[in-house]
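So you can see what is in the structure, the chains are spelled out below.
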Amino acid sequence: MSFVTKANIVVNALNKHDLQAKAGKSKVIVMPPIEELISDFNLDFHIKNGKMSEKDLAQFVEKYLFATTKLHHPSYLAHQVAPPHYAGSLGAMIDGFTNNAMAIYEMGPAAAAIEYFLINWFLEKVGWEPSPVTLEEEKEDARKGHNFGGGILTHGGSIANLTAMIAARNRVAPDAWDNGNPPDLALLAPSGCHYSIARAASIIGVGQKAIYHLQVDKNGAVIPDKLQIVYDQLKNDGKRPIALTANACSTAVGIYDPLDEIGDFCEENNIWFHVDGAHGASALLSQKYKYLLKGIEKADSLTWDAHKLMQVPTLCAALLFRDHNSIDTAFKQEASYLFHKKEQPGFDFIHRTIECTKAGLGLKLFMVLAALGEKGLSEYIEDRVELTLKAYEYIDNLPEFTCSVKPESNILCFRINGKDDLQIKIRDRLIAEGDFYLSTTSFNNVRYLRIVIMSPETTFDEIKKLIKSIKNIQSKLE
Ligand SMILES: Cc1ncc(COP(=O)(O)O)c(C=O)c1O
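Asks: Explain the packing of helix α6 (residues 109-126) against helix α15 (residues 362-396) here, please?
Replies: If you want to describe how two helices pack, look at the angle between their axes and the distance between the axes. Contact pair α6 / α15: the axes reach a minimum separation of 9 Å and the direction vectors enclose 65 degrees. Read as a crossing pair, α6 and α15 show a hand that is left-handed. Contact with α6, carried on its side by Ala111, Ile114, Glu115 and Leu118, involves Gly362, Leu363, Leu365 and Phe366 of α15 and no other residues of that element. Among the residues making up the contact of α6 with α15, the classes are represented as 6 nonpolar, 1 polar and 1 charged.

Asks: Would you explain unusual backbone geometry in this entry?
Replies: Negative phi values dominate among residues other than glycine, just as trans dominates among peptide bonds. The linkage connecting Ala248 with the following residue, Cys249, adopts the cis geometry, with an omega of 10 degrees. Residue Thr314 is joined to Leu315 through a cis peptide bond whose omega torsion reads -10 degrees. Relative to the helices and strands, Leu315 resides in the loop between α13 (306-309) and β7 (317-321). The residue Asn270 is not glycine, and still its phi comes out positive at about 55 degrees. Unlike most non-glycine residues, Gln311 shows phi in positive territory, near 60 degrees. When you line up the elements, Gln311 lands in the loop between α13 and β7. A residue is classified by how many C-beta atoms lie within 10 Å of it, and Gln311, with 28 of them, is buried.

Asks: It is not clear to me how α6 should be interpreted in this structure. Could you clarify?
Replies: The periodicity of an α-helix, 3.6 residues per turn, causes residues three or four positions apart to be oriented the same way. An ideal rise of 1.5 Å per residue puts 26 Å on 18 residues; α6 measures up with 26 Å between its terminal C-alpha atoms. For α6, every residue scored as buried is listed here: Ala111, Ala112, Ile114, Glu115, Tyr116, Leu118, Ile119, Asn120, Phe122, Leu123, Lys125 and Val126. Looking at the buried residues of α6, the elements they touch are β1 (150-154), β6 (301-305), β7 and α15. One or two positions beyond α6, positive phi appears at Gly127, with a value near 100 degrees.

Asks: Help me understand the pairing of strand β10 (residues 439-443), please; the structure alone is not making it clear to me.
Replies: A regular strand carries its side chains on alternate faces of the sheet. Note: β10 against strand β11 (residues 446-452), 5 bridges, orientation antiparallel. In the sheet register, Phe443 faces β11, and the bridge partner there is Val446. Two successive antiparallel strands, β10 and β11, enclose a turn made up of 2 residues, where Asn444 displays a positive phi of approximately 50 degrees.

Asks: Would you take a moment to explain the pairing of β6 for this structure?
Replies: Of all 5 residues that make up β6, 5 are buried, and the element is covered over most of its length. Side chains Ser301, Thr303 and Asp305 of β6 all project onto a buried face; the interleaved residues Leu302 and Trp304 project onto the opposite face, where all are buried too. Of the strand pairs in this sheet, strand β5 (residues 273-276) and β6 are connected by 3 bridges, and their pairing is parallel. Its bridge partner lying in β6, His274 is registered against Ser301. Note that β6 and β7 share 5 bridges and pair antiparallel. Residue Trp304 lies in a different strand from β7, and its bridge partner there is Ala318.

Rules behind the numbers
Residues numbered from 1 in each chain as written. Predicted model: local features only at pLDDT ≥ 70, side-chain atom pairs only at ≥ 80, totals over all residues. Axes fitted to C-alpha atoms, helices over the stretch in contact; angles between N-to-C directions. Helix = DSSP H or I, 4+ residues; strand = E, 2+ residues; numbered from the N terminus. Left-handed = near helix turned anticlockwise from the far one by under 90°. Contact = placed C-beta atoms within 7 Å. Nonpolar A, V, L, I, M, F, W, Y, C, P; charged D, E, K, R; others polar. Buried ≥ 20, exposed ≤ 12 C-beta atoms within 10 Å, placed from the backbone. Expected span 1.5 Å × (residues − 1). Pairing = 2+ DSSP bridges.

Next up, the structure:
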């Protein structure tokens with residue numbers, strides 16, 4: 001059968017590729033010129049002729065994999081994108097194959113059931129009440145006067161943040177859905193928030209200039225005592241905040257904002273509290289590091305990406321709400337949580353999402369959890385954070401290097417003595433050589449080299465080799 005034969009070709013090629021990458025036997029990054037790749041892949045020929053043979057498929061996959069960036073490689077240190085566990089990739093394959101657009105229950109009961117369960121799993125990790133699964137549970141919740149949380153899996157943290165801002169805007173300005181925004185809306189967020197928050201401000205029509213930046217300390221963490229000053233400024237300008245967003249953790253240096261104190265401030269002032277935990281909320285899975293998110297339960301909404309620290313293939317982001325009504329009314333003005341009143345045995349996620357056709361994202365996450373278990377995932381996270389701390393101790397003690405801040409996550413920024421330009425030249429050279437892949441960032445107006453230890457294969461050895469390579473390049477550049 002053609003499918004099985006071709007699937008075998010692909011699986012064998014992937015296996016070989018994976019083993020080589022994990023053993024560090026291939027370059028972590030190669031960047032051939034785009035025109036070379038277009039011609040090498042023979043795209044034009046294949047598109048015109050179709051009927052790709054098994055031999056051609058094998059050749060194509062080999063060439064394709066050669067020009068991929070190897071996320072499982074021990075020297076992959078660049079971005080907050082998971083080297084996926086193969087179980088998650090198998091989940092992606094099943095989803096791609098069955099193509100159940102599960103936003104309505106009838107288009108994917110299996111995927112909807114998994115998403116419903118996983119949203120509850122996430123909610124419980126945050127400390128929020130999970131949604132009832134049966135009519136009896138719903139009645140019991142109503143009897144006890146319980147309100148419960150809700151959420152959605154979506155295509156990435158950026159869409160999750162945008163959706164949270166829509167929900168928050170609707171609470172402050174319920175008529176905005178029909179009439180457009182009133183002119184007095186604003187946002188509160190630290191300057192180091194992810195750019196998707198600023199984009200969300202523009203997309204929902206509030207505008208980036210309406211973001212009031214919270215004051216931060218030298219590590220970029222929000223200073224709770226200074227919240228009032230910025231809030232007063234906002235009010236003096238005749239504005240109303242849609243939401244206050246805090247980082248858990250920040251993108252640039254991986255530092256957590258003090259959620260507990262911020263949560264109290266938001267509660268006192270009746271401000272929607274959104275936590276952008278796209279990268280760092282996964283620390284909730286670790287008994288050792290969950291203290292970093294102390295107070296998270298005070299938030300109204302939380303973005304939590306599984307395709308970052310949970311080894312899940314892109315994309316799979318959870319957007320969670322303490323009160324399910326917040327999301328159930330986000331895209332409509334009357335509550336649509338009619339799960340058990342509908343004449344169907346399941347749940348439609350479509351009311352909770354920007355997307356119409358929606359992939360069954362939960363399967364990828366479930367498969368990873370089923371392979372590693374919560375414990376395995378927690379150990380992975382702890383291990384990566386600990387290696388990052390070890391790298392920090394090592395690098396910060398080297399006379400030629402300075403680190404930006406002591407890491408709280410698996411993100412570490414450091415620089416070699418010299419100008420900003422030197423850091424960029426070093427990174428460019430490392431990438432061109434293809435033995436290490438790292439990024440750079442500007443923090444407090446200084447340029448740093450930035451590593452994010454994502455691959456389970458990375459050891460302290462890679463860190464030492466990286467530093468040696470950086471020194472070598474520096475000596476050649478001087
Ligand atoms: C704090 C934070 N929020 C949001 C995002 C955006 O998430 P995504 O890339 O899934 O859209 C990122 C990405 O790095 C992030 O670090």
